[in-house]
Every structure is written in structure tokens, then in C-alpha cells.
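Chain by chain, the residues:
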Amino acid sequence: MSKSLRILIAEDEFLVLMGTKSYVEKLGHQVIATATDGEKAVELALKEKPDLVIMDINMPKLDGIDAIKQINDTYYIPSIIVSGYHDEKLIKRATDEGVLYYLLKPIDIEELKIAINISLAKYEEIKSLKEELNTTKNALEARKHIEKAKGILMERMNLKEPEAMKYLQKVSRDKNKKLVVVAKEMIEADALFHSK
């Protein structure tokens, strides 16, 4: 992994915290903040916006999974949860809240390296899927407006569909505006015209 990450570690056991911090730094990453309770972890994550959060599951004030949920409700930050025992219910709860990896104590540096790499790969995948979804959503939204504007033109100007499309494209070029913007303006103008 060539990229050095800014990492927040949340762990209430001092020795485990120091050990994890040492491993993270040996792996070439930077520990930008540490927290010893869940509430502080949320506060620091929202303030510092780290690239990754490594959080113990059993934290005072707010458990690790709830802390990650609160962080992800504001910013989606990749996270690894650390636990002293293997518990299917906890793993499922962690996964449901967007945790990308579940590490068992005692942590070993090689396992931590794998956890960081897998978490980041999953995070990049999620990010690109979200972007793809947004692009598709915007394209569908634009299509709806253009179809509606074409319908208005066909009705008002007695045009066939290809002519209505050509007319929209011409207005778009003449006004140097995106087709969807012209379509929205046409729909708004038509609504105004009909509300009188």
C-alpha cells in the first residue's frame, strides 16, 4: 500500500491502543487522533475526517458499532471494528452499520495490514457504485424532463416527436444551455401559462 492514510484509533485499553498505534505507524500510516470512549471517537472523526477509523467494539459511553453508525450518518468513513471475541450477532450488526472489516484481538501487524487494504478496496468499490448510481439517477431525471418538454411542444406547436426534439436541441444550442435546463424552463413556463 503506497498511500499513507490518516487514521483515527478508538480503544479504551491503553496498552492495546499503544500497540495498534505502533502497528499503524510501522505500516506507514499516520495516527491523527486517538479516543478512549465512543463519544470522543465520534467527535474526533467528525472534526478530523480521517481516511479510516479503527474502533474497539466495547467502548465506554457509546459502543463501537453505535459510534460508527453516528459517524456514518454524517460522513461515510471506512471503518474496521476490533473485538475480543467472535460473535455472529455483533458481526452482523457491524456489517449492517457499514463496518468494512472485523478484527479479533490480539491484533497482529500482518492482519492489520490486510484489514486496512481490504477496507480501502471495499470503500473505493462502494464509492464508485454510489457515483454510478447518482449518474444513472440524474440521467433518468433529465430524461423525464426532456420527455415532458417534448410532450408540451408536440401539443402546443402540433409537432411530431422528432421535430419537438430538434426544436429543443436548437433552443439548447442557441441559448448555450444544457438540454435538461431548457426542458425544465419550458415545463416551468408552461405551468405558469396554465396557472393563469
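Look above for the structure.
Nothing here was measured: the structure is a model prediction, and the numbers come from that model. (Residues numbered from 1 in each chain as written. Predicted model: local features only at pLDDT ≥ 70, side-chain atom pairs only at ≥ 80, totals over all residues. Heavy atoms only, no water.)

Colleague: Just to check I follow, could you spell out the nonpolar core for this structure?
Modeller: Side chains of a nonpolar character, in soluble globular proteins, are inclined to be buried together. In terms of nonpolar packing, the biggest core is built from 24 residues, with Met55, Ile81 and Tyr102 touching the most fellow members. Going through the elements one at a time, strand E1 (6–10), strand E2 (30–35), helix H2 (38–48), strand E3 (52–56), helix H3 (64–74) and helix H4 (88–96) are the ones with two or more residues in this core. In this view, Met55 contacts Ala10, Ala41, Gly64, Ala67, Ile68, Ile71, Ile80, Ile81 and Val82; residues no more than four positions away in its chain are not counted. Core analysis: the second largest hydrophobic core is formed by 16 residues, Leu5, Leu17, Val24 and Ile116 among them. (Core = buried A, V, L, I, M, F, W, Y, C linked by side-chain atoms within 4.5 Å. Buried < 20%, exposed > 50% of the residue type's maximum accessible area, 1.4 Å probe, protein only. Helix = DSSP H or I, 4+ residues; strand = E, 2+ residues; numbered from the N terminus. Contact = heavy atoms within 4.5 Å.)

Colleague: Got a minute to help me understand H4 in this structure?
Modeller: Owing to its 3.6 residues per turn, the α-helix brings residues three or four apart onto one side. Along H4, the residues classified as buried are Leu90, Ile91 and Ala94. Around the axis of H4, the buried residues are gathered within 100° of arc, so they sit on the same side. Within H4, the exposed residues directed more than 90 degrees away from the buried face are Glu88, Lys89, Lys92 and Asp96. Where H4 is buried, its residues touch H3, strand E4 (79–83) and strand E5 (101–104). Just downstream of H4, Gly98 is the residue with a positive phi angle, here 95°. (Arc of directions from axis to C-beta.)

Colleague: What's the story with the environment of Ala33 in this structure? I'm lost.
Modeller: Among the secondary structure elements, Ala33 is positioned in strand E2. Overall, the relative accessible area of 11% leaves Ala33 in the buried class. Put simply, Ala33 and Lys21 are 12 residues apart on the chain and 9.8 Å apart in space, counted from C-alpha to C-alpha. Filtering out sequence-adjacent residues up to four positions away, Ala33 remains in contact with Ile7, Leu8, Ile9 and Leu44.

Spatial relationships are all this shows, so hold off on functional conclusions.
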